[in-house]
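Remarks on the overall topology
The primary structure of each chain is shown beneath.
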Amino acid sequence: MPSAEGHITAKLVLGLGCERNTAPEEVIALAEQALADAGASGRDVGLVASLDARTDEPAIHAVARHFSVPTHFFDAATLEAQSSRLKNPSKVVFAHTGCHGVAEGAALAAAGCDAVLLVPKIRSVRATAAIAGPAGFARGAV
């Protein structure tokens, strides 16, 4: 939905992946970096999304609490359905999860078919993050 200034006013989706028992501080820092790369802030985040194999991962929930947003988890088949839209598909990730991209796939799946990757996958030592949202996203428009 356009704002009075003509900007799209949809929230961003932060897609996350991480190894088991990754320190929450590492994932929060990576999420903050992804937002900075998008020219966005925590106020622009509407949802944190990931693979359903991470529903019990404390770091994913810590990021959602950090931004005061809900989480949503997708099965591997749903994330794999996004494979043609991924910027960084990985055969290694597919071998471990059954989908070619967790962070990018989750962000795109949650943001919808008209969304684009605003920040393709970035990495820390044990985690990945990506941001999807409207093609016309402009900071401060949400």
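Residues numbered from 1 in each chain as written. Predicted model: local features only at pLDDT ≥ 70, side-chain atom pairs only at ≥ 80, totals over all residues. Heavy atoms only, no water.

Right, let's get into the sheet that holds strand β2 (residues 45–51). Reading across from one edge, β3-β2-β1-β5-β4 is the order of the 5 strands in this open sheet, with mixed pairing throughout. Of all strands in the sheet, those with a lone pairing partner are β3 (71–74) and β4 (116–123), marking the two edges. Put simply, the sheet's adjacent strands are angled 20° from each other on average, direction ignored. Here β4 pairs with strand β5 (residues 127–133) via 5 bridges, running antiparallel. When the bridges of β5 are listed, L117 appears paired with A132. Most of the contacts of helix α5 (residues 103–111) go to β5, to which it runs at about 25°, and overall it touches β1 (12–18), β2, β3, β4 and β5. (Pairing = 2+ DSSP bridges. Helix = DSSP H or I, 4+ residues; strand = E, 2+ residues; numbered from the N terminus. Axes fitted to C-alpha atoms, helices over the stretch in contact; angles between N-to-C directions. Contact = heavy atoms within 4.5 Å.)

What follows is about α5. Owing to its 3.6 residues per turn, the α-helix brings residues three or four apart onto one side. All of the buried residues along α5 are A103, E104, G105, A106, A107 and L108. In the core, the buried residues of α5 are packed alongside β1, β2, β3, α3 (76–80), β4 and β5. Phi turns positive, to about 105°, at G112, one or two residues after α5. (Buried < 20%, exposed > 50% of the residue type's maximum accessible area, 1.4 Å probe, protein only.)

Let us now look at the side chain of E57. Structurally, E57 can be placed in the loop between β2 and α2 (58–67). A relative accessible area of 1% places E57 in the buried class. The residues touching E57, leaving out its near neighbours within four places in the chain, are C18, E19, R20, N21 and T22.

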